[in-house]
Amino acid sequence: VSTQSTGQQQSRPPTPHTWSVGVQTMYRESETQTDPYTPEYVTEKGTVPELLTLASLSYHRGLPAGLAEVEMIERAREKRAWEKTLPPVDDISQVGKRRAMMEELERKEWVIREKEIEKLQEVRLQVLKQILEKRERKKKKSSGINAEYGEEFYKT
């Protein structure tokens with residue numbers, strides 16, 4: 001209860017015995033999220049679903065899928081289709097044909113891998129160029145400031 005200069009009393013509401021307090025932590029709920037749940041699965045004997053061929057991909061390690069992952073999936077599909085066209089291993093008369101087909105596939109895979117390596121090297125080169133350009137700009141900026149102070153220092 002407080003009094004004003006006019007002598008009238010002004011009342012305030014009584015203070016509650018309990019009140020709600022909000023607490024904000026340094027951590028957000030999204031920062032505590034773990035990898036998404038992956039349920040167990042059962043397959044029929046003798047079958048390998050295409051989805052299981054992607055087992056190497058996981059959240060933040062290829063998933064959600066980007067362009068590179070989609071290309072990898074397409075190559076895996078092509079390879080599985082190609083493997084179905086191979087002559088059987090136990091057919092001795094087809095061993096030469098099988099070997100030639102496998103060598104051809106290996107050459108194609110090496111070409112693809114070399115292209116991937118070239119892309120990675122190009123990205124690294126671009127990053128290096130950006131870093132060097134940024135360093136050069138900072139160097140020019142700092143040398144320009146030093147030159148300004150130097151000229152003023154010698155004039156006085």
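Residues numbered from 1 in each chain as written. Predicted model: local features only at pLDDT ≥ 70, side-chain atom pairs only at ≥ 80, totals over all residues. Heavy atoms only, no water.

## Some words on the overall build of the protein
Basically, it comes down to this: Comment: elements are numbered from the N terminus, with helices defined as DSSP H or I runs of at least four residues and strands as E runs of at least two. Only protein chains enter the accessibility calculation, which uses a 1.4 Å probe; a residue is then buried when its area is under 20% of its type maximum, exposed when over 50%, and partly exposed in between. Note on contacts: a residue pair qualifies if any of its non-hydrogen atoms lie within 4.5 Å across the two residues.
Secondary structure assignment for the protein yields 2 helices and 4 strands. Of the regular secondary structure in the protein, the N- to C-terminal order runs β-β-β-β-α-α. Relative to its full complement of 156 residues, the protein shows a buried share of 4%. Nonlocal contacts in the protein, meaning residues at least 24 apart in sequence, comprise 25% of its contacts between residues at least 6 apart.

## Some remarks on the layout of surface pockets
To be explicit about the condition: Using a 1 Å grid laid over the protein atoms alone, points where a 1.4 Å probe fits but cannot get out form a cavity; open sets with protein on both sides within 12 Å along at least 5 of 7 lines form a pocket; any residue with an atom within 4 Å of a point counts as lining. Grid points are joined across faces, edges and corners, and a volume is the space filled by probe spheres set on the points. Three categories are distinguished: nonpolar for Ala, Val, Leu, Ile, Met, Phe, Trp, Tyr, Cys and Pro, charged for Asp, Glu, Lys and Arg, and polar for the others, with Gly belonging to the last.
The calculated volume of the largest pocket comes to roughly 400 Å³. Residues belonging to the lining of the largest pocket are distributed by class as follows: 11 nonpolar, 2 polar and 1 charged. Of the voids in this model, the second largest pocket is the one considered here, and its volume is about 310 Å³. Taken together, Leu67, Ala68, Glu69, Glu71, Met72, Arg75, Ile112, Arg113, Lys115, Glu116, Lys119 and Leu120 make up the lining of the second largest pocket. Tallied by class, the residues present in the lining of the second largest pocket amount to 5 nonpolar, no polar and 7 charged.

## Structural notes on the pattern of salt bridges
Any two side chains of opposite charge can pair, on the condition that their charged atoms come close. Our working definition: The term salt bridge refers to a side-chain nitrogen of Lys or Arg lying within 4 Å of a carboxyl oxygen of Asp or Glu.
Scanning the model with the defined rule gives 7 salt bridges in all. Lys79 is the salt-bridge partner of Glu109, the closest N and O atoms lying 3.4 Å from each other. Taken as a pair, Glu109 in helix 2 (residues 95-155) and Lys79 in helix 1 (residues 67-85) lie far apart in primary sequence, 30 residues in all. Given a relative accessible area of 35%, Glu109 falls into the partly exposed group. The partly exposed category is assigned to Lys79, whose relative accessible area is 33%. Residues Glu116 and Arg113 are paired through a salt bridge, measuring 3.1 Å at the closest nitrogen-oxygen approach. You can see Glu116 and its partner Arg113 sitting in helix 2, 3 residues apart, about one turn around the helix. Connected through salt bridges with shared partners, the residues Glu50, Glu74, Arg77 and Arg80 form a single ionic network.

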